[in-house]
Structure formats: structure tokens, C-alpha cells
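Geometric and topological summary
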Amino acid sequence: MRTILFLLAFFLAGGWLFAQVTPATAVTANPVDKRWVLVIHGGAGGPAKGTMKPEKEKQYTDSLNKALQIGAGVLSSGGNSLDAVETVIRFMENCPLFNAGKGAVLNEDGKAELDASIMDGKTGQAGAVACVTMVKNPISAARAVMEKTQHVLLIGKGADDFAKAKGLEIVDPSYFITPERLEAWKAAKQKTRPEQPSPTSADKEKKGTVGCVALDSYGNLSAGTSTGGMMMKMSGRVGDSPIIGAGTYADNNSCAVSCTGHGEFFIRNSAAYSVSAQMLYANKPLKEAADFVIFDILKAKGGEGGLIALDKDGNIATPFSSNAMFRGTVSSVTPPEVMIY
Ligand code: ASP
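Some details on the overall build of the chain
- In terms of helices and strands, the chain carries ten helices and twelve strands.
- Taking the intrachain contacts of the chain between residues at least 6 apart in sequence as the baseline, contacts between residues at least 24 apart amount to 69%.
- In the structure as shown, the chain presents an accessible area of about 15,400 Å², 57% of it carried by carbon and sulfur atoms.

Written out as C-alpha cells, the structure reads:
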């Protein structure tokens, strides 16, 4: 009995001593060794399979691959999910292929009015901007709203002025307009004339937002979305992308979500939050919750689009009801993979 007591005391003391000499970082494990996951989308507005020119398809897959590599670089070096989401979306905003930042679709006046939002699943904090016309990277303005104000959403001139005051890069509104988008806008204008009712390429150019969700090696989820909205939208129209709970949502207890598609439907049905709510309150696994929102709620009402979602365990869901959705995944254990159809 005495021997047993002695051994017990010995091990307890040893455990305590070990805890004292072991640095805190070793107790929480080296984060770089832990799992991380990143998912992106480049919009649900792509054309039907077989109708996109191979060169164009390659441009998209190359850019999506590059975006994944950029995100992987942030997360594999121990960066957090918010930084990964912002960095990836900035790259996609700067890439003229996507309907966000440079290359955004144009509104009825031929202007680019941009929306973006970001959410931190760890703190529940969120930031967004809508109808900005001068800040080069709206996602960074959204993050600044989250981190440097008491508010969630700033719009229009106030948002542009705020971004400028915070030192974010400001550009002339013409910076966002690419020749392709201008041509599509002109075609769409023509189409609205009764004497010219034939279909144009503008229909295919209506959508194409960018989004990113990430789980970092510390177990934190984040989500972000950025867009030019929908081609020929009314001046001042705001879609789902900058609306927390509609186009973007993140909660460490459930999942991170970024949506793309016909924004009015996503707003009316709180699409992004609905995925999380079904996991939390109906105990659905991620895929079931995400499919339910896209197919049973939105598609059933005529709302086309898709979403990317990532849960706290690293599971991924990417449902879409459109012809295509540009998307990709990468993780600490899987190489970059890009998909369109
Ligand atoms: N959801 C965006 C909007 O309605 C458009 C898109 O995702 O393509 O503004």
C-alpha cells in the first residue's frame, strides 16, 4: 500500500513539474502542425459545360489555382483564417476575370458599385461595405469597418471616405471597368430597347461573385464575399454579398459560408445564416444543411445560385443550382483542386 501511495505521489509531482517546465506553446501544440482548410468560389454565373472557350476556361482555372496557393501560403505558415480570407479575396478582386473589384459588372448607369463583407467566426464580429465606387479592395474596407468602427455596414460615399481615411488604396471609378464588361453592358442596354429584343451575352454575365471560407490551424473559421452585384442592377441596389447572414456568415460553433447567385433570394431567406442555424438547431451535418438551403429553400422559390461552406471539423460543402460554379479547395492534407461544373 505504501509503495502504491509513493508511486502515486511520484507521478503527480512529476506531472506538475512537467507542466511548469513545458512552454505554453508546447501545451497548445504547434499550430503549424495542425489541420487547416480553405475553400473559394468565383461565382455561380458560369456558362453551361462545353460552351466556354478552352482558353477562357484555362484562365479561370489558373486564377483559381493561384488564389488557392495564396491562401495555402497564409494558412500553412500559421496565418489566421481572417488574413487568409482577406488576402485571397484581394487577389480575386484584382483579377479582371471575376465580378469583384476590377472586372465587376456594371449597373444600369454603366458604373461599378461594389459590395463586400467579412466575418470572424471566433469573435462573431463582422464588417461590410456596399455601393462603394473608389476603394480598390472592398474586402479590406469591410475588414476595416469590422476592426475600426462600432458598426457592421457602411455604404456609398461614407464607406469610400472611411476607406480613404484609413489609408486604403483609392482608385478612379474607371479602374474597375474592363473592355469585356463594357461590351456586355452595351449589349444589355441594346437588349432593353424594344426594337432589339434578341438575346445577348449579357445574360451570361449577370453573376460571378468571389468568396472564401477558411479554417485555420487554431480552429477558427472566417468567411468573406466580394462582388460587383448583378449586371444592369439599379443604381443603389445592394445584393446579399455585404449582408451578414445572407451572403456571408461564420461561427466557430458551426460553419463558415459564402454565397453567390441571385442576391434578392439569398437576402429574403437569410441563406448563409440558415446553413449555420440548421447545424446548430436541427443538428444537421454541413452537407445536408447546405444542400437544403440551395435546393429546398432557394431553388424551390426560383432563386438560382450556390454557396461554399466549411465546418469546424474541416468538412466542405459546395452545392449550386446553376450551370456551373467556379470553385476550389486546398488543405494541409490535400493539394489545390479546382472545379467548374
Ligand atoms: N449574389 C450577388 C448579388 O446578388 C451576385 C452573384 O453572386 O453573382 O449581388
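What about the sheet that holds strand β6 (residues 221-227)?
- If you walk across this open sheet you meet the eight strands as β4-β3-β2-β6-β5-β1-β11-β12, and the pairing is mixed. Of all strands in the sheet, those with a lone pairing partner are β4 (153-155) and β12 (337-339), marking the two edges. Pairs of neighbouring strands in the sheet enclose a mean axial angle of 10 degrees, with direction left out of account.

A closer look at the nonpolar core
- Core analysis: the biggest nonpolar cluster contains 53 residues, and L38, I40, M92 and F98 have the highest contact counts within it.
- With seven residues, helix α3 (residues 54-76) is the largest single contributor of residues to this core.
- When near neighbours in sequence (up to four residues on either side) are disregarded, M92 contacts I40, H41, G42, L64, A67, F98, A100 and V210.
- The next biggest cluster of nonpolar side chains, apart from the first, holds 35 residues, and it includes A223, Y249, L286 and I297.

Some points on the pattern of salt bridges
- All told, the structure shown has eight salt bridges when counted by the stated rule.
- The closest approach of N and O atoms between D161 and K157, which form a salt bridge, is 2.7 Å. Pair noted here: D161 and K157 are both in helix α6 (residues 156-165), with a separation of four residues, about one helical turn.
- Owing to a relative accessible area of 37%, D161 belongs among the partly exposed residues under this scheme.
- A relative accessible area of 62% means that K157 is categorised as exposed.
- E264 serves as the salt-bridge partner of R237, at 2.9 Å between the closest nitrogen and oxygen. Of this pair, R237 sits in the loop between β6 and β7 (248-250) while E264 sits in helix α8 (residues 263-268), and the two are 27 residues apart along the sequence.
- Owing to a relative accessible area of 13%, R237 belongs among the buried residues under this scheme.

A short note on unusual backbone geometry
- Positive phi values are uncommon outside glycine, yet S270 reaches one of about 40 degrees.
- Looking at the element boundaries, S270 is found in the loop between α8 and α9 (271-281).
- With a relative accessible area of 34%, S270 lands in the partly exposed category.

Notes on the pairing of strand β2 (residues 114-120)
- Among the seven residues of β2, seven are classified as buried, and the element is accordingly described as predominantly covered.
- On β2, burial covers both faces: L114, A116, I118 and D120 on one face and D115, S117 and M119 on the other are all buried.
- As consecutive antiparallel partners, β2 and strand β3 (residues 126-132) are separated by five residues, and within that stretch G124 has a phi angle of approximately 80 degrees, a positive value.

A look at the site of the ligand
- As a matter of local geometry, the ligand sits amid twelve residues, with G208, T209, R237, D240 and G261 nearest to it.
- A distance of 2.6 Å separates a nitrogen atom of the ligand from a polar side-chain atom of D240.
- T260 is positioned with one of its side-chain polar atoms (N or O) 2.8 Å from an oxygen atom of the ligand.
- Taken by itself the ligand offers 270 Å² of open surface, and the protein chains cover 100% of this.
- When grouped by side-chain class, the residues that make up the shell around the ligand number one nonpolar, eight polar and three charged.

Some thoughts on the packing of aromatic side chains
- What the rule picks out here adds up to four aromatic pairs.
- Here Y60 and F326 contribute two aromatic rings whose centre-to-centre distance is 4.2 Å and whose plane-to-plane angle is 15 degrees, an arrangement assigned as stacked. Of this pair, Y60 sits in helix α3 while F326 sits in the loop between β10 (316-317) and β11 (327-331); the two residues are 266 residues apart in sequence, bridging distant segments of the chain.
- Judged by centre distance (5.1 Å) and plane angle (75 degrees), the ring pair of Y175 and F176 falls under edge-to-face.

Observations regarding the sheet that holds β7
- In space, the four strands of this open sheet follow the order β7-β8-β9-β10, with antiparallel pairing throughout. The outermost strands of the open sheet, each flanked by one partner alone, are β7 and β10.
- Note that β7 and strand β8 (residues 255-261) share three bridges and pair antiparallel. Bridge pairing in β8 links Y249 to V257.
- Across the sheet, α9 touches β7, β8 and β9 (305-311), and the angle it forms with β8 is around 145 degrees.
- The strands touched by helix α10 (residues 286-298) are β8, β9 and β10; relative to β9, the strand with the most contacts, the crossing angle is about 160 degrees.

Some thoughts on the packing of helix α4 (residues 81-94) against helix α5 (residues 138-148)
- Contact geometry of α4 with α5 gives a least axis separation of 8 Å together with a crossing angle of 150 degrees. Taken together, the axes of α4 and α5 are roughly antiparallel relative to one another. Of the residues in α5, those in contact with L82, D83, E86, I89, R90 and E93 of α4 are P138, I139, S140, R143, M146 and E147.
- Along the lines of polarity and charge, the residues of the contact of α4 with α5 split into five nonpolar, one polar and six charged.

Rules and cut-offs
Residues numbered from 1 in each chain as written. Predicted model: local features only at pLDDT ≥ 70, side-chain atom pairs only at ≥ 80, totals over all residues. Heavy atoms only, no water. Helix = DSSP H or I, 4+ residues; strand = E, 2+ residues; numbered from the N terminus. Contact = heavy atoms within 4.5 Å. Areas by Shrake-Rupley, 256 points an atom, 1.4 Å probe, with all protein chains shown as cover. Pairing = 2+ DSSP bridges. Axes fitted to C-alpha atoms, helices over the stretch in contact; angles between N-to-C directions. Core = buried A, V, L, I, M, F, W, Y, C linked by side-chain atoms within 4.5 Å. Buried < 20%, exposed > 50% of the residue type's maximum accessible area, 1.4 Å probe, protein only. Salt bridge = Lys/Arg side-chain N within 4 Å of Asp/Glu carboxyl O. Near = heavy atom within 4 Å. Polar contact = N/O pair within 3.5 Å; in protein donor to acceptor, adjacent residues only side chain to side chain. Nonpolar A, V, L, I, M, F, W, Y, C, P; charged D, E, K, R; others polar. Phe/Tyr/Trp six-rings, centres within 6.5 Å; stacked < 30°, edge-to-face > 60°. Parallel < 35°, antiparallel > 145°, perpendicular 65-115°, else oblique.

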